[in-house]
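# An overview of the molecular structure
Here are the chains, one letter per residue:
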Amino acid sequence: QFQEHPPLVMAIDYKLPDGNGLDLALALARESPDTCIILMTGSTLTSEEAAWCVEEHLPLLRKPFLPSDLLGLIRQHLGSAAAANALDAAVGSG
């Protein structure tokens, strides 16, 4: 179902109970290049992991963060005014 209806945005934590969120985020980004995938972490990434994020244009959101930080990244990566307006309507800030 993910391939048929990919989400516009996904926020994935680096630490997952069953694996590494970075690996999941990179795999999903390759599978669905139009989805904005944001990696959230309170951990320090290795230089190699940080390079992968840059290479794959994977935004990194460091914890702790404010909801406005997350919304700002989403707006930035959605790119279109229509998508940003839809986001504002969905969260009640528009």
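Presented here is an overview of the structure given in this document. Computed from a prediction, not measured in an experiment: that's the story for all the values here.

### Details of the pattern of salt bridges
Overall, the coordinates contain two salt bridges when judged by the stated rule. Ionic pairing is found between K63 and D13, a salt bridge with its closest N-O pair at 2.4 Å. You can see K63 sitting in the loop between β5 (60–62) and α3 (67–78) and its partner D13 sitting in strand β1 (residues 9–13), a full 50 residues away along the chain. For K63, a relative accessible area of 38% puts it in the partly exposed group. Taking the shortest distance from any N to any O, the salt bridge between R30 and E56 comes out at 3.3 Å. In this pair, R30 sits in helix α1 (residues 21–31) while E56 sits in the loop between α2 (47–55) and β5, placing the two residues 26 residues apart along the sequence. R30 gets classed as exposed once you look at its relative accessible area, which sits at 56%.

### A look at the environment of T44
You can see T44 is positioned in the loop between β4 (36–41) and α2. You can call T44 exposed: its relative accessible area is 71%. Residues T44 and R62, spaced 18 residues apart in sequence, show a C-alpha to C-alpha distance of 9.1 Å.

### Observations regarding the nonpolar core
One finds I12, Y14, L22, A25, L26, L28, A29, I37, L39, L45, C53 and L58 forming the largest nonpolar core, which totals 12 residues. Where this core is concerned, the elements lending two or more residues are α1 and β4. Here this core takes five residues from α1, the largest share from any one element.

### Topic: α3
Residue pairs three or four apart in sequence face the same way in an α-helix, which turns once every 3.6 residues. With 12 residues, α3 should reach 16 Å at 1.5 Å per residue; the first-to-last C-alpha distance of 16 Å fits that figure. Within the span of α3, buried status applies to L71, L73 and I74. The arc that holds the buried residues of α3, viewed along the axis, is 160°, so those residues lie on one side. With its phi angle positive at about 80°, G79 sits one or two positions after the end of α3.

Cut-off values and rules
Residues numbered from 1 in each chain as written. Predicted model: local features only at pLDDT ≥ 70, side-chain atom pairs only at ≥ 80, totals over all residues. Heavy atoms only, no water. Salt bridge = Lys/Arg side-chain N within 4 Å of Asp/Glu carboxyl O. Helix = DSSP H or I, 4+ residues; strand = E, 2+ residues; numbered from the N terminus. Buried < 20%, exposed > 50% of the residue type's maximum accessible area, 1.4 Å probe, protein only. Core = buried A, V, L, I, M, F, W, Y, C linked by side-chain atoms within 4.5 Å. Expected span 1.5 Å × (residues − 1). Arc of directions from axis to C-beta.

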